[in-house]
Amino acid sequence: MQPRIAIIYFSSSGVIAQIAAYLAEGATARGAEVRVRALEAPGGSTGPGSPAPDRAPAAPPTLADLDWADGLLIGTPTWFGNIAAPLKAFLDTTSPLALHGRLADKPVTGFTSASLPNGGQEAALLALYHTMFHWGSLIVPTGYTHPVLRRIGGNPYGLSLTAPDAGRLTDDQIEAARFVGDRIARTAERYVPAGLPSAHDLWTSQAPGDAAGALAAADSRHA
Ligand SMILES: Cc1cc2nc3c(=O)[nH]c(=O)nc-3n(C[C@H](O)[C@H](O)[C@H](O)COP(=O)(O)O)c2cc1C
């Protein structure tokens, strides 16, 4: 079955947007149906960069996009060793899905870029993954699953680039992004054909009374 992949990102000056475009190429080449969604900066701009001049700007993400996807790629520039606020603001709207297990057992990986080789990319990815731990998602780190990942810096926590001086991604960075897009599609593909319920689905179906009370209490705490 064709896996559905959502790529959700914030990009202020275009590097993350470029990465998103090549991730999409990799996932599409693997046969996935791909949605690319971009968050706007406060004030309505996504910055001067664009993924490629021939591509239309991406629509903003919705919770429906997260719910639809079998696999997720979530990207942010590294800002002071952390994720960028517009992405965090979107992640903080996900309680209605997260508390009801809609993101549980879903493969997800993060991607980032920073201007310096050791500018805090690992810290930003770990910060991003905090939310995914709470979602109960399956975090898919890059590890050293392809030689190109070492050539672009060797961060095993997720796709991680040093912003190229020329503005456009290098050939190795493009290859790495296509590989990671392919890999998340392959990972998601393993779950889709099985059609297995998530751990959360099993819990709510096996103990519906307990689940209803617990979920109502959780909803009220996040309201
Ligand atoms: C508010 C802010 C904070 C940043 N913090 C860092 C940082 O901690 N380390 C770093 O190397 N680069 C930092 N940068 C540079 C960006 O991470 C880098 O240019 C990134 O590639 C931008 O991605 P984008 O073009 O998709 O917005 C920062 C940029 C901004 C605007």
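Procedures and definitions
- Residues numbered from 1 in each chain as written.
- Predicted model: local features only at pLDDT ≥ 70, side-chain atom pairs only at ≥ 80, totals over all residues.
- Heavy atoms only, no water.
- Helix = DSSP H or I, 4+ residues; strand = E, 2+ residues; numbered from the N terminus.
- Rg over C-alpha atoms; globule rule 2.2 N^0.38 Å.
- Buried < 20%, exposed > 50% of the residue type's maximum accessible area, 1.4 Å probe, protein only.
- Contact = heavy atoms within 4.5 Å.
- pLDDT = per-residue confidence, 0-100.
- Near = heavy atom within 4 Å.
- Polar contact = N/O pair within 3.5 Å; in protein donor to acceptor, adjacent residues only side chain to side chain.
- Areas by Shrake-Rupley, 256 points an atom, 1.4 Å probe, with all protein chains shown as cover.
- Nonpolar A, V, L, I, M, F, W, Y, C, P; charged D, E, K, R; others polar.
- Salt bridge = Lys/Arg side-chain N within 4 Å of Asp/Glu carboxyl O.
- Core = buried A, V, L, I, M, F, W, Y, C linked by side-chain atoms within 4.5 Å.

Q: Sorry, what's going on with the overall build of the protein chain here?
A: Of regular secondary structure, the protein chain possesses 9 helices and 6 strands. Its C-alpha atoms give the protein chain a radius of gyration of 17 Å, within 12% of the compact-globule value 17 Å for 223 residues. Taken along its principal axes, the extent of the C-alpha atoms in the protein chain is 60 × 40 × 30 Å. When each of the 223 residues of the protein chain is scored for burial, the buried share is 49%. Put simply, 78% of the contacts in the protein chain that link residues at least 6 apart link residues at least 24 apart.

Q: Which parts of the structure should I look at to understand the confidence of the model for the protein chain?
A: Caution is warranted with low-pLDDT regions, since their predicted coordinates should not be read in detail. Across the protein chain, pLDDT averages 92, with 92% of residues at or above 70. Under a pLDDT of 50 for its full length, residues 48–53 has, in the predicted model, 13 contacts with residues more than four places off or in other chains.

Q: Is there a simple way to think about the site of the ligand in this case?
A: Inspection of the region around the ligand gives 17 residues, with Ser-11, Ser-13, Thr-78, Ser-113 and Gly-119 positioned closest. Taking Val-15, its main chain carries an N or O atom lying 2.9 Å from an oxygen atom of the ligand. In this structure, Leu-116 approaches the ligand through a main-chain N or O atom, which is 3.0 Å from an oxygen atom. Burial of the ligand by the protein chains amounts to 77% of its free accessible area of 640 Å². Counting residues per element, the ones that place at least two in the shell around the ligand are helix 1 (15–29) and strand 4 (107–114). Looking at the shell around the ligand residue by residue, the classes come out as 8 nonpolar, 9 polar and no charged.

Q: So what exactly am I meant to see when it comes to the pattern of salt bridges here?
A: For the coordinates displayed, the defined rule picks out 10 salt bridges. With a shortest N-O distance of 3.7 Å, Asp-70 and Arg-4 are connected by a salt bridge. Taken as a pair, Asp-70 in the loop between helix 2 (63–68) and strand 3 (71–77) and Arg-4 in strand 1 (residues 4–10) lie far apart in primary sequence, 66 residues in all. Its relative accessible area of 17% is what places Asp-70 among the buried residues. When the shortest N-O distance is used, the salt bridge between Arg-178 and Glu-25 registers 2.7 Å. You can see Arg-178 sitting in helix 7 (residues 171–191) and its partner Glu-25 sitting in helix 1, a full 153 residues away along the chain. Judged by relative accessible area, Arg-178 falls into the partly exposed class, the value being 38%. What emerges from the salt-bridge pattern is a single network uniting Arg-30, Asp-182 and Arg-186.

Q: What am I meant to see in the side chain of Gln-173 here?
A: The residue Gln-173 is located in helix 7 in this model. There is a polar contact of 3.0 Å between the side chain of Gln-173 and the backbone nitrogen of Thr-170. Beyond its immediate chain neighbours, meaning those up to four positions away, Gln-173 contacts Ile-152, Leu-161, Thr-162 and Pro-164.

Q: Please explain the nonpolar core as it appears in this structure.
A: Soluble, globular proteins show a tendency: their nonpolar side chains are buried together. In terms of nonpolar packing, the biggest core is built from 31 residues, with Ile-5, Ile-7, Ile-19, Leu-23, Phe-111 and Leu-159 touching the most fellow members. The set of elements that each furnish at least two residues to this core consists of strand 1, helix 1, helix 6 (147–151), strand 6 (159–162) and helix 7. Among all residues touching Ile-19, those that are not within four sequence positions of it are Phe-111, Thr-112, Ser-113, Leu-159, Leu-161, Leu-169 and Ala-177.

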